[in-house]
Amino acid sequence: QVQLVESGGGLVQAGGSLRLACAASGRTVSTYTMGWFRQAPGKEREFVAHIRWSGGSTNYAESVKGRFTISRDNAKNTVYLQMNSLKPEDTALYYCSASPFSMAVTATRYIYWGQGTQVTVSS
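As the structure is a prediction and not an experimental result, all values here were calculated from the model.

A. Molecular detail of the nonpolar core. Ranked by internal contacts, the top residues of the largest apolar core, which has 35 residues, are L4, M34, W36, L81, M83 and Y94. Looking at this core, the elements that each hand over two or more residues are β1 (2–7), β3 (18–26), β4 (33–39), β5 (46–52), β7 (68–73), β8 (78–83), β9 (92–99) and β11 (117–122). If near-sequence neighbours (up to four positions away) are discounted, L4 is found in contact with C22, A23, A24, M34, C96, S97, A98, Y112, W113, G114 and Q115.

Shown next, in the form of structure tokens:
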């Protein structure tokens, strides 16, 4: 069982930055993939980025490539999402999640979820 807690959301102006953190507790598996998803009102939950605990392989949604960076601190069991050049379209509830599968980009493959942290980007 893995517990995930997100933090770092808030209200920022377009062009600004936020850094989200996801602290994982409980037994973690080194081969797990940690992912960030987001969901805006009226829209489906959308894949943002993921990273492997082991090795650090990453993947990003096309909409955030070049602007967002996912990273992890294995010693702290924490995953980060650095969000730069934020746009109003990035406004959403951001969820941290964990998958036992590598390179998972679909929400159905993630079995642990945080409570979400709200990111609002004003224009």
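B. Inspection of the state of the cysteines at higher detail. Here the structure, examined in full by the defined rule, presents one disulfide. Residue pairing for C22: its cysteine sulfur links by disulfide to C96, the two sulfurs lying 1.9 Å apart. For the disulfide bridge between C22 and C96, the dihedral angle about the S-S bond is near -75°, and by the sign convention the bridge is left-handed. Here C96 lies in strand β9 and C22 lies in strand β3, a separation of 74 residues in the sequence. Residue class for C22 comes out buried when judged on its relative accessible area of 0%. On the basis of relative accessibility, which here comes to 0%, the residue C96 falls in the buried class.

C. Structural view of the pattern of salt bridges. Enumeration according to the criterion identifies four salt bridges in this entry. Close ionic contact of R38 with D90 constitutes a salt bridge, the shortest N to O distance being 2.9 Å. In this pair, R38 is assigned in strand β4 and D90 in the loop between β8 and β9, connecting sequence segments 52 residues apart. Using a relative accessible area of 4% as the deciding quantity, one classes R38 as buried. Each of the salt bridges in this network shares a partner with another, and the network as a whole consists of R38, E46, R67 and D90.

D. Quick peek at unusual backbone geometry. In this model, N77 sits at a positive phi of 50°, which is unusual for a non-glycine residue. You can see N77 is positioned in the loop between β7 and β8. With phi around 50°, S85 is a residue other than glycine that occupies positive phi space. As for its position among the elements, S85 is in the loop between β8 and β9. Look at S85 and you get partly exposed, because its relative accessible area is 40%.

E. Region of the structure containing the packing of aromatic side chains. Enumeration according to the criterion identifies six aromatic pairs in this entry. Consider the rings of Y32 and Y112, whose centres lie 6.3 Å apart with planes at 25°: the pair is stacked. Here Y112 lies in strand β10 (residues 112–113) and Y32 lies in the loop between β3 and β4, a separation of 80 residues in the sequence. When its relative accessible area of 11% is taken as the criterion, Y32 is described as buried. For Y112, a relative accessible area of 14% corresponds to the buried category. Each ring, one from F37 and one from F47, has its centre 5.7 Å from the other, and the planes form 70°; the classification is edge-to-face. Pair noted here: F37 is in strand β4 and F47 is in strand β5, with a separation of 10 residues, a long-range link.

Rules and cut-offs
- Residues numbered from 1 in each chain as written.
- Predicted model: local features only at pLDDT ≥ 70, side-chain atom pairs only at ≥ 80, totals over all residues.
- Heavy atoms only, no water.
- Core = buried A, V, L, I, M, F, W, Y, C linked by side-chain atoms within 4.5 Å.
- Buried < 20%, exposed > 50% of the residue type's maximum accessible area, 1.4 Å probe, protein only.
- Helix = DSSP H or I, 4+ residues; strand = E, 2+ residues; numbered from the N terminus.
- Contact = heavy atoms within 4.5 Å.
- Disulfide = S-S within 2.5 Å.
- Salt bridge = Lys/Arg side-chain N within 4 Å of Asp/Glu carboxyl O.
- Phe/Tyr/Trp six-rings, centres within 6.5 Å; stacked < 30°, edge-to-face > 60°.

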